[in-house]
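Close look at the chain arrangement
Here is how the chains run, residue by residue.
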Amino acid sequence: KPYTQRSREFRVALKACMKCRKQVPEEVTIAEDMSPGVWRLWDHSEHADCVLNEVYIAPEGAFLGLSEDVEAEKRRIVDRDLLIQQVLDGQHGDNKELYLEGINQHFLRDGLWVTPQPLLTSAQVERCYDACIHHFEQVMYTIGIKSLHDDLAIGFTTFRERGRGRYDMQIKAYETPEFDFLRSGPWLPMVHAILGPSARLIHSGCFLSLPESDIQDYHTDGVHLNGDDPTHLPPHALNLFINLVELTKQNGGTEFSIGSHVKGRDGWNKDKLLSPRITHGTGIFFDYRLGHRGMANHSNKPRPVLYLSFSTTNKFSDNENFSRSRYRKLPELCSKPASRKERGARKRGDIGSAAPGTEANISRATYSSTIPTSTSTSTSTSTSTSTSTST
């Protein structure tokens, strides 16, 4: 496994070969029609005292070996990128195994996969939206009644502010039978293709960006698990974002630095930024180690995004973002009293008793937010490049 096991050997070899250290590498494009990337080549074939034959710096990192090994790796990358492009073009839909392998290879290469169709129906999106807004308003009402503003500044285990106007919430309603579709959705085959059949759900919740919320600092949701070892390991965890409103340039969304999940290449790169502009219900899978940031919301409507986090092993838990010792326990929530408008509507018989979700519907109207009523899940997805665990 030359990418994952020989980077230390690569550095030792270059230090030992002074001639190679001074040599300017030759740039070689391995597939001009597909443009998978430029390889930089050090040719050691004329150096009798050098421990290597050829060293390539490929899109995935350093690759070193004999000439035939390098040629085989070139062919593998060309074949991989061809499969990825075919999947992006909508091919292999009738071959589930090949289609999922294309998604997996895309994720391993870029650290990201945006689904071409929504993963939730409009009815499911609206139900998640209402539960998110209802929970947010109930928590904020409780904080006000109990004067917990200083505690909010520190954060609660299930409710935290991630910058001005940006909240991370774990919502109990999502754990009820009404939301069983969140535990058996169409995304599971894709999760298993990327992380393996033992992948499990470790966290779920919602990010809420209010109007005029600030832009986030560039960050990752997790670190590489092998410390200072230069080895780049396969993904150990991923996030799935399902936006509950359409993502536009005005309301922001999340900006990703493509390929920054690869160890040693985790810096923000303005030439590899992607801010998906997608319809509500569409999914964004990304590596826990992928650099990203939530963009500012310049619209007059909130921007909620459902998130589901998956891991490959029972041994992994996100103690940084979900620490019981670092954050305080959220107290029992107070019931928000009905507004004058709600009380008047009940007297007129316009609405029933205040069942869960009723206040959320009214709040949604207050925010002037609109959710499309179509139940179609075949809307196409488009992504755009932008110069821009959280959304």
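Let me sum up the structure you'll find in this document. Being a predicted model, the structure only gives us computed values, none of them experimental. (Residues numbered from 1 in each chain as written. Predicted model: local features only at pLDDT ≥ 70, side-chain atom pairs only at ≥ 80, totals over all residues. Heavy atoms only, no water.)

Structural notes on the overall build of the protein chain
If you tally the helices and strands in the protein chain, you get ten helices and 15 strands. Expressed as a percentage of the 391 residues in the protein chain, the buried residues total 52%. On the protein chain, roughly 19600 Å² of surface is accessible, and the fraction owed to carbon and sulfur atoms is 49%. (Helix = DSSP H or I, 4+ residues; strand = E, 2+ residues; numbered from the N terminus. Buried < 20%, exposed > 50% of the residue type's maximum accessible area, 1.4 Å probe, protein only. Areas by Shrake-Rupley, 256 points an atom, 1.4 Å probe, with all protein chains shown as cover.)

Concerning the packing of aromatic side chains
Taken as a whole and judged by the stated rule, the model has nine aromatic pairs. When the ring of Phe 159 is compared with that of Tyr 167, the centres are 5.6 Å apart and the planes differ by 35°; the resulting orientation is tilted. Accessibility classification places Phe 159 together with Tyr 167 in one group, the buried group. Between Tyr 174 and Phe 179, the aromatic rings sit 5.2 Å apart at their centres with planes inclined by 55°, giving tilted as the arrangement. In this structure, Tyr 174 and Phe 179 share a single accessibility class: buried. (Phe/Tyr/Trp six-rings, centres within 6.5 Å; stacked < 30°, edge-to-face > 60°.)

Here's the deal with the side chain of Asn 226
Mapping Asn 226 onto the fold places it in the loop between strand E8 (200-209) and strand E9 (237-243). One polar contact links Asn 226 to Lys 263, side chain to side chain, over a distance of 2.9 Å. (Polar contact = N/O pair within 3.5 Å; in protein donor to acceptor, adjacent residues only side chain to side chain.)

With respect to helix H8 (residues 188-195)
The complete set of buried residues in H8 reads Met 190, Val 191, Ile 194 and Leu 195. Relative to the axis of H8, the buried residues are bounded by an arc of 110° and lie together on one face. Structurally, H8 contributes buried residues whose contacts are with helix H5 (96-110), strand E5 (112-118), E9, strand E12 (282-287) and strand E14 (303-311). (Arc of directions from axis to C-beta. Contact = heavy atoms within 4.5 Å.)

Brief notes about the packing of H5 against H8
Where H5 contacts H8, the two axes come as close as 9 Å, and the packing angle between them is 60°. Considered as vectors, H5 and H8 are oriented oblique to each other. The crossing of H5 and H8 is right-handed. Of H8, the residues touching H5 (which contributes Lys 96, Leu 100, Ile 103, Asn 104 and Phe 107) are Pro 189, Met 190, Ala 193 and Ile 194. Of the residues that constitute the contact of H5 with H8, the class distribution is seven nonpolar, one polar and one charged. (Axes fitted to C-alpha atoms, helices over the stretch in contact; angles between N-to-C directions. Parallel < 35°, antiparallel > 145°, perpendicular 65-115°, else oblique. Left-handed = near helix turned anticlockwise from the far one by under 90°. Nonpolar A, V, L, I, M, F, W, Y, C, P; charged D, E, K, R; others polar.)

Considering the pairing of strand E7 (residues 166-169)
Of the two faces of E7, the one lined by Arg 166 and Asp 168 and the one lined by Tyr 167 and Met 169 are each fully buried. In terms of strand pairing, strand E6 (residues 159-161) meets E7 through three bridges, oriented antiparallel. By the bridge assignment, Phe 159 is partnered in E7 with Met 169. Counting the residues in the hairpin turn of E6 and E7 gives four residues, including Gly 163, whose phi is positive at 100°. Pairing between E7 and E8: four bridges, direction antiparallel. Note that in E8 the partner of Asp 168 across the bridge is Phe 207. (Pairing = 2+ DSSP bridges.)

Some points on helix H6 (residues 122-145)
Between the first and last C-alpha of H6 there are 34 Å, a value that for 24 residues agrees with the 34 Å anticipated at 1.5 Å per step. Trailing H6 by a residue or two, Ser 147 shows a phi angle of about 50°, which is positive. (Expected span 1.5 Å × (residues − 1).)

With respect to the pattern of salt bridges
Under the defined criterion, the tally for this structure stands at ten salt bridges. Put simply, Arg 293 and Glu 255 hold a salt bridge, and the shortest N to O gap is 2.7 Å. Of this pair, Arg 293 sits in strand E13 (residues 292-294) while Glu 255 is found in strand E10 (residues 254-257), placing the two residues 38 residues apart along the sequence. Overall, Glu 255 belongs to the buried group, its relative accessible area being 1%. Across the pair Arg 289 and Asp 287 runs a salt bridge, and its minimum N-O distance is 2.9 Å. For the pair Arg 289 and Asp 287, one class covers both residues: buried. Salt bridges sharing common partners tie together Arg 80, Asp 81, Arg 109 and Asp 110. (Salt bridge = Lys/Arg side-chain N within 4 Å of Asp/Glu carboxyl O.)

As for the nonpolar core
Counting residues in hydrophobic clusters, the biggest one holds 47 residues, and the most contacted among them are Phe 159, Met 169, Tyr 174, Trp 187 and Phe 285. Elements that contribute at least two residues to this core include exactly helix H4 (67-88), H5, H6, E7, H8, E8, E9 and E14. If you tally residues by element for this core, the top one is H6, at nine residues. Once residues within four sequence positions are removed from consideration, Phe 285 is found in contact with Phe 107, Gly 111, Leu 112, Trp 113, Thr 115, Leu 119, Trp 187, Met 190, Val 191, Leu 238, Asn 239 and Leu 240. (Core = buried A, V, L, I, M, F, W, Y, C linked by side-chain atoms within 4.5 Å.)

Things to note about the state of the cysteines
Disulfides are covalent bonds that connect the sulfur atoms of two cysteines. Under the criterion given, the structure shown has zero disulfides. For the unlinked cysteine Cys 128, the closest cysteine sulfur is that of Cys 206, found at 8.1 Å. Cys 132 takes part in no disulfide bond, and the closest cysteine sulfur to it belongs to Cys 206, at a distance of 3.1 Å. The class of Cys 132 is buried, set by a relative accessible area of 0%. (Disulfide = S-S within 2.5 Å.)

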